[in-house]
Amino acid sequence: MPLPQPQQRLLSTLDLLRQQIAQQPDGSCRQPRFDAQLFHCKGTRLADYLRELEHNIAQLTAVDTDVARRQWLADKVLDQIAALQRECQSQQLRVARERPRGDSRQQKREEYRGYETRLLAMIAEREQHLQRAETLSIQQQLIREVEQLKVRLGRCRQAIHKLELQFSAR
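Just so it is clear, the model here is predicted, and its values are computed rather than measured.

**What about the overall build of the chain?**
At step 1: Check the secondary structure of the chain and you find five helices and zero strands.
At step 2: Along its sequence from the N terminus, the chain presents helices and strands in the succession α-α-α-α-α.
At step 3: In the chain, buried positions account for 26% of the 170 residues.
At step 4: Within the chain, contacts between residues at least 6 apart in sequence are counted, and of these 58% link residues at least 24 apart.
At step 5: Counting only carbon and sulfur atoms, one obtains 52% of the accessible surface of the chain, whose full area is about 12,000 Å².

Encoded structure:
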């Protein structure tokens, strides 16, 4: 008998997460990677946390689990999946940052471009929230945040421009 669609999606997400974790360098870190409320595991490798997630999914799909526990466990599984996916993405960024590159100025320029991209995304996000904001105080707070982000973006672009001037002066 085929599995229900939500369960199929959960298992396919778990398979994808396994693949992502398998591609990660499984280096240990000095301390546990996640909050104790999210994972009981105290391991320092992503595979340790994946095992706990798999155990929770097995409990979730067990027939004898009561409804309240099942709902709590479903929320926990979703949070654990999201945390592991974020950690995989962060790990990829860390590995890319640690790779030796030729020119330190070029490396700095790429780093600043990354900051610029993230700042633009944060500004766009705040502006979208501003359009949907219902109260004046929330609107004012979002306007202040957009202004601060634009100031940071300006400084970032100045730093990029300064580096580009150094490149052209070579």
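After that view of the structure, there is still more to cover.
**Observations concerning helix α5 (residues 136–169)**
At step 1: If you check α5, its first and last C-alpha atoms are 49 Å apart, about what 34 residues at 1.5 Å a residue would give, namely 50 Å.
At step 2: Among the residues making up α5, those that are buried are Leu142, Val146, Leu149, Leu153, Cys156, Ile160 and Leu163.
At step 3: In the core, the buried residues of α5 are packed alongside α4 (104–132).

**A few points about the packing of α4 against α5**
At step 1: Contact geometry for α4 and α5: axes closest at 9 Å, N-to-C directions at 160°. One finds that α4 runs roughly antiparallel with respect to α5. As α4 packs across α5, the resulting crossing turns out to be left-handed.

**Brief notes about the packing of helix α1 (residues 5–23) against helix α2 (residues 46–61)**
At step 1: Running from amino to carboxyl end, α1 crosses α2 at an angle of 170°, the nearest separation of the two axes being 11 Å. Accordingly, the angle class assigned to the pair α1 and α2 is roughly antiparallel. Of the residues in α2, those in contact with Gln7, Leu10, Leu11, Leu14, Leu17, Arg18 and Ile21 of α1 are Leu46, Ala47, Leu50, Leu53, Glu54, Ile57, Leu60 and Thr61.
At step 2: Residues that form the contact of α1 with α2 fall into these classes: eleven nonpolar, two polar and two charged.

**Describing the nonpolar core**
At step 1: With 20 residues, the main nonpolar core has Leu17, Ile21, Phe34, Phe39, Leu53, Val77 and Leu84 as its most contacted residues.
At step 2: Every element with two or more residues in this core is listed here: α1, α2 and α3 (67–98).
At step 3: Ignoring sequence-local partners within four residues, the contact set of Leu84 consists of Leu17, Ile21, Phe34, Phe39, Leu46, Tyr49, Leu50 and Leu53.
At step 4: Counting residues in hydrophobic clusters, the runner-up holds nine residues, among them Val146, Leu153, Cys156 and Leu163.

**A look at α2**
At step 1: Between its terminal C-alpha atoms α2 stretches 23 Å, which fits the 22 Å expected from 16 residues at 1.5 Å a residue.
At step 2: Here α2 has its buried residues at Leu46, Ala47, Asp48, Tyr49, Leu50, Glu52, Leu53, Asn56, Ile57 and Leu60.

**Some details on the side chain of Lys76**
At step 1: When you line up the elements, Lys76 lands in helix α3.
At step 2: No salt bridge is formed by the buried Lys76; its nearest oppositely charged neighbour, Glu52, is found at 5.0 Å.
At step 3: For Lys76, the residues in contact, after removing those within four places along its chain, are Gln37, Leu38, His40 and Asn56.

**Some details on the packing of aromatic side chains**
At step 1: All told, the structure shown has two aromatic pairs when counted by the stated rule.
At step 2: Seen in terms of ring centroids, Phe39 and Tyr49 are 5.0 Å apart; in terms of plane orientation they differ by 75°. Their pairing is edge-to-face. Of this pair, Phe39 sits in the loop between α1 and α2 while Tyr49 sits in helix α2; the two residues are ten residues apart in sequence, bridging distant segments of the chain. With respect to burial, Phe39 and Tyr49 carry one shared label: buried.

What counts and what doesn't
Residues numbered from 1 in each chain as written. Predicted model: local features only at pLDDT ≥ 70, side-chain atom pairs only at ≥ 80, totals over all residues. Heavy atoms only, no water. Helix = DSSP H or I, 4+ residues; strand = E, 2+ residues; numbered from the N terminus. Buried < 20%, exposed > 50% of the residue type's maximum accessible area, 1.4 Å probe, protein only. Contact = heavy atoms within 4.5 Å. Areas by Shrake-Rupley, 256 points an atom, 1.4 Å probe, with all protein chains shown as cover. Expected span 1.5 Å × (residues − 1). Axes fitted to C-alpha atoms, helices over the stretch in contact; angles between N-to-C directions. Parallel < 35°, antiparallel > 145°, perpendicular 65-115°, else oblique. Left-handed = near helix turned anticlockwise from the far one by under 90°. Nonpolar A, V, L, I, M, F, W, Y, C, P; charged D, E, K, R; others polar. Core = buried A, V, L, I, M, F, W, Y, C linked by side-chain atoms within 4.5 Å. Lys, Arg positive; Asp, Glu negative; His and termini not counted. Salt bridge = Lys/Arg side-chain N within 4 Å of Asp/Glu carboxyl O. Phe/Tyr/Trp six-rings, centres within 6.5 Å; stacked < 30°, edge-to-face > 60°.

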